[in-house]
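Here is how the chains run, residue by residue.
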Amino acid sequence: MAADFAALEYLPTAVVVLDEHAVVRFANQATESLLGAAARSLVGQAFLPLFEADAALEKALADTLVTHWDYSAQNVSYLRPGREPLPLACVLTRIDAPDMPLLAELRPIEQQLRQAREERLVGEQQANRELIRNLAHEIKNPLGGLRGSAQLLERELDRPELREYTQVIIQEADRLQTLLDRLLTPHRPPRVGPLVIHEVLERVRSLVLAEFVRGVAIECDYDPSLPDLVGDKEQLIQAVLNVVRNAAQAITGGGRPGSITLRTRALRQVTLLRQRHRLALELQVIDDGPGVPQDIRDRIFNPLVSGRDGGSGLGLSLAQTFIHYHRGVIECDSRPGRTVFRIVLPLA
Ligand SMILES: Nc1ncnc2c1ncn2[C@@H]1O[C@H](COP(=O)(O)OP(=O)(O)O)[C@@H](O)[C@H]1O
Ligand SMILES: [Mg+2]
């Protein structure tokens, strides 16, 4: 039977042939490597249940069987036991093979796009940070000169009421100095050792609950089977604290009580910053606050981007720097009522 489709065997694209009942009759080698499943195990299986329930795919399948058009479902999720679902694009084509009228082409489009986007963002952010560091460095020296001169000038002033002006210069120089120092992080070499992520989360939880006494609840949904992580505990506390504190601020700023969920899970076979890892830890910080303001959504990890009065815009930038030190990624998905910050860190 499969011999009929020998020509498809060596196509670089993953191709599956279905019979009129939408049962898999053939899967080529590219399908095996894309899905990580042996062709043997796919053949004989109904096509639809291989994916997360998806109305578009179901309709495309039914339509292709009656009409002779091609149909595509842009975003279907192939279910893999013990792993995160694999996002795919699926194109269905009607063919003329006897009893096997359907050809399904599968492509990992979403994943590729997402990976490319992730890499581009990381590159941009590194360039950004570099620029800001250099700038901060260049401003520090003349600033010291300004402050010192104002001090000298102050000593020479014979009318005390003029000191008001030199004091403004000195105080503003100090304020700038503090800002520049914060821009010039990271401050110390990392101290790496084995650590338990849930200890990090419990620390953050108690710190944030102490700071936000009213209106914010923090729920924990931990996977207790997660192995130890190797990393810098203080850095991770700082990174997660910045994220959770933002969530608490967003909630209290919204004027209604709300809750934050800290969720941990294990992920298998993930690619982070181009590197493949057998096992990774996923941490989600979920809040039901008003969401990240639309106009800054794409830029919140950049330094100096803030949507709050009095915000420095450095919290997420620093969090990202620390997560990247750990070869992990941090991303955000936000709409009013549900904001998710997702941190993925390689394990082992
Ligand atoms: N959970 C969240 N909900 C809504 N907005 C958020 C959330 N987390 C971050 N933000 C937005 O991202 C901005 C940048 O955060 P951050 O880098 O920590 O700087 P800062 O907190 O100093 O403003 C915040 O000012 C806020 O507008
Ligand atoms: Mg912040």
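Relevant structure appears above.
Counting of residues starts from 1 at the beginning of each chain's written sequence and follows it residue by residue. Written order decides the labels, with chains lettered from A and ligands numbered from 1. Only residues with pLDDT of 70 or above have their local features reported here, since the model is predicted, and side-chain atom pairs are shown and tallied only from 80 upward, although totals for entire chains, interfaces and linings are computed over all residues. No hydrogens and no water enter the side-chain calculation; it runs on all heavy atoms of the structure.

Novice: Talk me through the site of ligand 1; I want residue IDs and the actual numbers.
Specialist: A molecule or strand has a residue near it when one of that residue's heavy atoms lies within 4 Å. The full set close to ligand 1 counts 21 residues, and Asn-246, Asp-287, Ser-306, Gly-307 and Arg-308 are the nearest of them. Asp-287 places a polar side-chain atom, nitrogen or oxygen, 2.8 Å from a nitrogen atom of ligand 1. The backbone of Gly-315 places a nitrogen or oxygen atom 3.4 Å from an oxygen atom of ligand 1. A 1.4 Å probe and the Shrake-Rupley method give the accessible areas. Residues count as covered only by the protein chains that appear here. Contact with the protein chains hides 95% of the accessible area of ligand 1, taken as 540 Å² for the molecule alone. Each polar contact in these results corresponds to two N or O atoms within 3.5 Å; when the atoms are within protein, one needs to be able to donate a hydrogen and the other to accept it, and residues that are neighboring in sequence are counted only if both atoms are side-chain atoms.

Novice: Could you give an account of the packing of helix H7 (residues 197–211) against helix H8 (residues 233–254), with specific residues and numbers?
Specialist: Packing of H7 against H8 brings their axes to within 9 Å, and their N-to-C directions diverge by 40°. Viewed along their axes, H7 and H8 adopt a mutual orientation that is oblique. The handedness of the crossing between H7 and H8 comes out as right-handed. Across the interface between the two elements, Glu-199, Val-200, Leu-201, Arg-203, Val-204, Leu-207, Val-208 and Glu-211 from H7 touch Lys-233, Glu-234, Leu-236, Ile-237, Val-240, Leu-241, Val-244, Arg-245 and Ala-248 from H8. Interaxial angle, 0 to 180 degrees, is taken between N-to-C directions of lines fitted to C-alpha atoms, where a helix line uses only the stretch in contact. Strands are runs of DSSP state E lasting at least 2 residues, helices are runs of H or I lasting at least 4, and numbering of each runs from the N terminus. Working rule for angles: under 35 degrees goes down as roughly parallel, over 145 as roughly antiparallel, 65 to 115 as roughly perpendicular, anything else as oblique. Should the near helix be turned counterclockwise from the far one by less than a right angle, the crossing is left-handed, whereas a clockwise turn marks it as right-handed. Every residue pair with non-hydrogen atoms within 4.5 Å of one another is taken to be in contact.

Novice: If you had to explain the side chain of Thr-339 to someone new, which residues and values would you point to?
Specialist: When you line up the elements, Thr-339 lands in strand S12 (residues 338–347). Only 2.8 Å separates the side chain of Thr-339 from the side chain of Ser-334, close enough to count as a polar contact. Setting aside chain neighbours within four positions, we find Thr-339 in contact with Val-285, Ile-286, Asp-287, Gly-291, Val-292, Cys-332, Asp-333 and Ser-334.

Novice: Now, about unusual backbone geometry: what can you tell me, with residues and values included?
Specialist: With a phi angle near 70°, Leu-304 is a residue other than glycine that sits in the positive phi range. Its place among the elements puts Leu-304 in the loop between strand S10 (275–287) and helix H9 (315–325). In this structure, Arg-327 is a non-glycine residue whose phi angle is positive, near 60°. Along the chain, Arg-327 turns up in the loop between H9 and strand S11 (329–335).

Novice: Which residues make up the environment of Val-17, and what values go with them?
Specialist: Mapped onto the secondary structure, Val-17 falls in strand S1 (residues 14–18). Only protein chains enter the accessibility calculation, which uses a 1.4 Å probe; a residue whose area is less than 20% of its type maximum is buried, one above 50% is exposed, and one in between is partly exposed. By relative accessible area, which is 0% here, Val-17 ends up buried. When sequence neighbours within four positions are dropped, the list of residues in contact with Val-17 reads Phe-5, Leu-8, Val-23, Val-24, Arg-25, Phe-26, Ile-95, Met-100, Leu-102 and Leu-103.

Novice: If you had to explain the sheet that holds strand S9 (residues 258–272) to someone new, which residues and values would you point to?
Specialist: A pair of strands is treated as paired once DSSP finds two or more bridges between them. Spatial ordering of the open sheet is given by S7-S9-S10-S12-S11, a layout of five strands whose pairing is mixed. This sheet does not close on itself; its edge strands, each paired only once, are strand S7 (216–221) and S11. Taking each pair of neighbouring strands and ignoring which way they run, the sheet shows an average axis angle of 20°. Summarising the sheet, S9 and S10 pair through 12 bridges and their orientation is antiparallel.

Novice: Can you break down the nonpolar core residue by residue, with the values?
Specialist: Proteins that are soluble and globular tend to have nonpolar side chains buried together. Only buried Ala, Val, Leu, Ile, Met, Phe, Trp, Tyr and Cys residues count toward a nonpolar core, and they belong to the same one when joined by side-chain atoms within 4.5 Å. Within the largest apolar cluster, 42 residues are counted, with the highest numbers of intra-cluster contacts made by Val-208, Leu-229, Val-240, Val-244, Ile-260, Val-285 and Phe-341. Breaking this core down by element, the ones donating at least two residues are H7, S7, H8, S9, S10, H9 and S12. The dominant element in this core, judged by the number of residues it contributes, is H8, at 10 residues. Not counting the four nearest positions on each side in its chain, Val-208 is found in contact with Ile-218, Leu-241, Val-244, Arg-245 and Ala-248. Of all hydrophobic cores here, the second largest spans 28 residues; its members include Ala-37, Ala-39, Leu-88 and Ala-104.

Novice: Give a description of a nonpolar patch on the surface that names residues and reports values.
Specialist: Together, Leu-176, Leu-179 and Leu-304 line one region of the surface with nonpolar side chains, adding up to about 240 Å² of accessible area. Position of Leu-176 among the secondary structure elements: in helix H6 (residues 163–183). A relative accessible area of 40% places Leu-176 in the partly exposed class. Nonpolar side chains (Val, Leu, Ile, Met, Phe, Trp, Tyr) are joined into patches within 5 Å and like charges within 9 Å, using only residues with over 30% relative accessible area and no salt bridge. For this document, the term salt bridge refers to a Lys or Arg side-chain nitrogen within 4 Å of an Asp or Glu carboxyl oxygen.

Novice: Break down H7 for me, citing the residues and quoting the values.
Specialist: The end-to-end C-alpha distance of H7, which contains 15 residues, comes to 21 Å, matching closely the 21 Å that a straight helix rising 1.5 Å per residue would cover. For H7, the full list of buried residues reads Ile-197, His-198, Val-200, Leu-201, Val-204 and Val-208. Buried residues of H7, seen end-on, are gathered within an arc of 150° and therefore sit on one face of the element. Between the first and last residue of a helix there are one fewer steps than residues, each counted as 1.5 Å, and that sum is the expected span. The arc in question is formed by the directions pointing from the helix axis toward the C-beta atoms.

Novice: Outline the environment of Leu-281, supporting the account with residue identities and numerical values.
Specialist: Tracing the backbone shows Leu-281 in strand S10. With 65 residues separating them in the primary sequence, Leu-281 and Pro-346 have C-alpha atoms 6.2 Å apart. Setting aside residues up to four positions removed in sequence, Leu-281 forms contacts with Ile-197, Leu-226, Leu-229, Thr-264, Arg-265, Ile-343, Val-344, Leu-345 and Leu-347.

Novice: Quick one: what's the story with the sheet that holds S1, residue by residue and with numbers?
Specialist: Strand order across the open sheet formed by five strands is S2-S1-S5-S4-S3, with antiparallel pairing between neighbours. Both edges of this open sheet fall to strand S2 (24–27) and strand S3 (71–78), since each of them pairs with a single strand only. Between one strand axis and the next, the sheet turns through 30° on average, direction left out of account. With three bridges connecting them, S1 and S2 associate as antiparallel partners. From the neighbouring strand, Leu-18 faces S2, where its bridge partner is Val-24.

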